[in-house]
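If you want the building blocks of each chain, they are given just below.
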Amino acid sequence: LAHILRVKAAEHYLEIHSENGVETVRERMATLLDQVDEDDGIQTHRSHWVAKAQAIKLSGSNLRLADGTDVPVARGRMDDVRQWLHGLEADRLAG
């Protein structure tokens, strides 16, 4: 999990984006979510999960990542993502 940057679900597959490239595996997002902690990252949309080290800022209805990628944030998750980002910013400033 330490090398995973973000994950995108597409039907019964996950596109796992890591420091080593992209790998597609036959798996469900729910299975991935069972294996990660809140401290690892956040699910921004039903089909997207982002590692906390990659999150930079909200830009409209997207989350901007360190590599410049924009990941969608569902309307229903916007407040959670916003609070999560504020917590990350506080942690980064503190330490």
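Residues numbered from 1 in each chain as written. Predicted model: local features only at pLDDT ≥ 70, side-chain atom pairs only at ≥ 80, totals over all residues. Heavy atoms only, no water.

**Focus on the pattern of salt bridges**
Where side chains of opposite charge bring their charged atoms close, a pairing between them can arise. According to the stated counting rule, one finds two salt bridges in the structure shown. The residue R64 makes a salt bridge to D70 at a minimum N-O spacing of 2.5 Å. (Salt bridge = Lys/Arg side-chain N within 4 Å of Asp/Glu carboxyl O.)

**Regarding a negative patch on the surface**
A contiguous patch of negative charge, built from D37, E38, D39 and D91, is present on the exposed surface. Tracing the sequence through the fold places D39 in the loop between α1 (29-35) and β4 (41-45). Classification of D39 by relative accessible area gives exposed; the value is 58%. (Patch = residues over 30% accessible without salt bridge, like charges linked within 9 Å, V, L, I, M, F, W, Y side chains within 5 Å. Areas by Shrake-Rupley, 256 points an atom, 1.4 Å probe, with all protein chains shown as cover. Lys, Arg positive; Asp, Glu negative; His and termini not counted. Charge placed at Lys NZ, Arg CZ, Asp CG, Glu CD. Helix = DSSP H or I, 4+ residues; strand = E, 2+ residues; numbered from the N terminus. Buried < 20%, exposed > 50% of the residue type's maximum accessible area, 1.4 Å probe, protein only.)

**Focus on the sheet that holds strand β3 (residues 21-26)**
Pairing in this open sheet of five strands is antiparallel, and the strands run β3-β2-β1-β5-β4 from one edge to the other. With partners counted over all chains shown, the strands left at the sheet margins are β3 and β4, one partner each. Neighbour-to-neighbour, the strand axes of this sheet turn through a mean angle of 20 degrees, independent of strand direction. One ladder, built from four bridges, connects β4 with strand β5 (residues 48-51); its direction is antiparallel. In the sheet register, I42 faces β5, and the bridge partner there is V50. (Pairing = 2+ DSSP bridges. Axes fitted to C-alpha atoms, helices over the stretch in contact; angles between N-to-C directions.)

**Overview of the nonpolar core**
Core analysis: the biggest nonpolar cluster contains 12 residues, these being I42, V50, A55, L63, L65, V71, V73, M78, V81, W84, L85 and L88. Among the secondary structure elements, those contributing two or more residues to this core are β7 (62-65) and α2 (78-94). Per element, the largest residue contribution to this core is five residues, and it comes from α2. Excluding anything up to four places from it in sequence, L65 contacts R6, V50, Q54, A55, I56 and V71. (Core = buried A, V, L, I, M, F, W, Y, C linked by side-chain atoms within 4.5 Å. Contact = heavy atoms within 4.5 Å.)

**Looking at the layout of surface pockets**
Here the largest pocket defines a volume of roughly 340 Å³. Around the largest pocket, the lining is made up of 17 residues, and of these E38, G41, I42, Q43 and W84 lie nearest the centre. Elements supplying a minimum of two residues to the lining of the largest pocket: β4 and α2. Per-element tally for the lining of the largest pocket: the top contributor is α2, with six residues. Across the lining of the largest pocket, the residue classes break down as six nonpolar, four polar and seven charged. (1 Å grid on protein atoms, 1.4 Å probe; cavity = no way out; pocket = protein on both sides within 12 Å on 5 of 7 lines; lining within 4 Å. Points joined across faces, edges and corners; volume = space filled by probe spheres on them. Nonpolar A, V, L, I, M, F, W, Y, C, P; charged D, E, K, R; others polar.)

**Re the environment of Y13**
Note that Y13 resides in strand β2 (residues 13-18). Spatially, the C-alpha atom of Y13 lies 27 Å from that of S59, the residues being 46 residues apart in sequence. The residues contacting Y13, other than those within four sequence positions of it, are K8, T24, V25, R26 and E27. Among the polar contacts listed, one links the side chain of Y13 to the side chain of R26, at a separation of 3.4 Å. (Polar contact = N/O pair within 3.5 Å; in protein donor to acceptor, adjacent residues only side chain to side chain.)

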